[in-house]
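Observations on the model geometry
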Amino acid sequence: MVNQITSSHSTLRSSDSTQTDRIAKQQPVAAVAKVVEKKAKQEQQHSATSGKKRSLLVQTSEAHQQAAQAQSAQKALQNANDMLGQLRQLARRSLNAQEGKKDQLQQSLHQLKNKLTKLTREAKYEGEPVLHHDLTPRLSGEQHREEFSFKGMRLNTLRQQDEVLRFQFDSGVPSSVRSRIDNDENNHEIAEKLNKAFAPRSIQVEVDKYGDLAFNVPKAQWPEIKKGIWMSGGGQILPAGNPIKAKLEQRDKTAIEPQDLEFGKPQSTRKALADIERMMQKVQQSLAHITKVQQQVSQDLERLVATNMMKSGVINDEGVIEASWLAAPNNVSLQLLDNAVPTLLAQANASRHNVVALLEP
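Everything numeric here is computed off the predicted structure, so don't read it as measured data. (Residues numbered from 1 in each chain as written. Predicted model: local features only at pLDDT ≥ 70, side-chain atom pairs only at ≥ 80, totals over all residues. Heavy atoms only, no water.)

1. Quick word on the pattern of salt bridges
Oppositely charged side chains can form a pair if their charged atoms are brought close together. Tallied over the entire structure, the rule returns 15 salt bridges. Put simply, Glu 257 and Lys 226 hold a salt bridge, and the shortest N to O gap is 3.3 Å. In this pair, Glu 257 sits in the loop between strand S10 (247-250) and helix H8 (266-306) while Lys 226 sits in helix H7 (residues 222-226), placing the two residues 31 residues apart along the sequence. The exposure class of Glu 257 is buried, given its relative accessible area of 6%. Residue classification places Lys 226 among the partly exposed positions, given a relative accessible area of 31%. A salt bridge links Lys 247 to Glu 249; its shortest N-O distance comes to 3.8 Å. Given a relative accessible area of 51%, Lys 247 falls into the exposed group. Each of Arg 88, Arg 92 and Glu 277 takes part in one network of salt bridges that share partners. (Salt bridge = Lys/Arg side-chain N within 4 Å of Asp/Glu carboxyl O. Helix = DSSP H or I, 4+ residues; strand = E, 2+ residues; numbered from the N terminus. Buried < 20%, exposed > 50% of the residue type's maximum accessible area, 1.4 Å probe, protein only.)

2. What to know about unusual backbone geometry
Here the residue pair Val 173 and Pro 174 is connected by a cis peptide bond, since its omega of -5° sits within 30 degrees of zero. Within the fold, Pro 174 resides in the loop between strand S4 (163-169) and strand S5 (176-181). Located in the positive-phi region is Glu 126, a residue other than glycine, with phi close to 50°. Residue position: Glu 126 is located in the loop between strand S1 (124-125) and strand S2 (128-129). Under the relative-accessibility criterion, Glu 126 is labelled exposed at 53%. Of note in this structure, Ser 202 is not a glycine but carries a positive phi near 60°. On the secondary structure map, Ser 202 appears in the loop between helix H6 (187-198) and strand S6 (204-207). Among the residues examined, Ser 202 registers a relative accessible area of 28% and is labelled partly exposed.

3. What to know about the sheet that holds strand S8 (residues 229-232)
Ordered by their spatial adjacency, four strands build an open sheet running S5-S4-S8-S9, and the pairing between neighbours is antiparallel. The outermost strands of the open sheet, each flanked by one partner alone, are S5 and strand S9 (244-245). In terms of strand pairing, S8 meets S9 through two bridges, oriented antiparallel. Counted as the bridge partner of Met 231 is Ile 244 from S9. (Pairing = 2+ DSSP bridges.)

4. A look at the pairing of S4
The side chains of a regular strand alternate, residue by residue, between the two faces of the sheet. Residues Glu 163, Leu 165, Phe 167 and Phe 169 line the buried face of S4, whereas the alternating positions Val 164, Arg 166 and Gln 168 sit on a face that is not buried. As defined by bridge partners, S4 adjoins S5 across six bridges and the pair is classed as antiparallel. Paired with Glu 163 across the bridge in S5 is Ile 181. Here S4 hands over to S5 after six residues, with Gly 172 in that stretch at a positive phi of 90°.

5. Notes on H6
Its twelve residues give H6 an end-to-end C-alpha distance of 16 Å, which sits within 8% of 16 Å, the value for a rise of 1.5 Å per residue. Close packing links the buried residues of H6 with strand S3 (145-151), S4, S5, S6 and strand S7 (213-218). (Expected span 1.5 Å × (residues − 1). Contact = heavy atoms within 4.5 Å.)

Here it is in structure tokens:
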């Protein structure tokens, strides 16, 4: 079987240029990229279940996706930086504008702020957002959490009886959680119980260095949590009776979201200008971080090529394409399959020299 594969492969390579051009026109590289991506996903699932080392195709596909995602986030941040610059300019003009022009400037500020807020939600790669609510990049493999606190929880008072604490969310599922707290439990034990209760909402609870409860949630879920949590208890840790809306405070006091910018009055406009400056600095830091991510992806591909790890899964020990790769859809030739991997590498900014070296037996 291998001899047949090698023979057909050699025959294809020795065909005249006219035939090669005709095949290439009939079968665009984009079609091959889809075949490669499908094959990579199948192999990735198999590797995850079997515990086997990921092959060339999986690692290259992941690197390609990571590079493309970083590029999408980079473009979104550059657009955000431009909008912030426009907001800064308009806000400065509004402070010195005559009364007749202030309304028009206010309207422009409001529209631009909404456009920036919309960007944080709609800038996506393959259907997934690439920005967080505060204009920080949302990249795969990076886990960022938002730290916050509940105001109004009385933990240091003497408790005479057990208490059931209830928390109801304005958004998301489950819509409510509860936890029973014994009267003799300390803050660490309370934190442990609340940690279990909030687990379905991915909220973690711990005791900070001051002995208070500290909460954190994946950054992507903070906007949902921020919409509102209502809490009630038995009157000792939390008030009894009708639920009251919790006052949630972010631990990072410098955290700013586009939707929080206000330009209605001179005082709020001056504050917004200071916030815009901080946001622009954070965007520049994020762009620098993305550049490092892109450099790391390129270095990973270079290292894989150098160690010959990238030959596994497509080219076997004898230097020929694996037979399983011939199970391709109609109108996809062996030559194009042979070129699919360097296509992905090129999209991930790998050098042509290494691409050629990759395919050499």
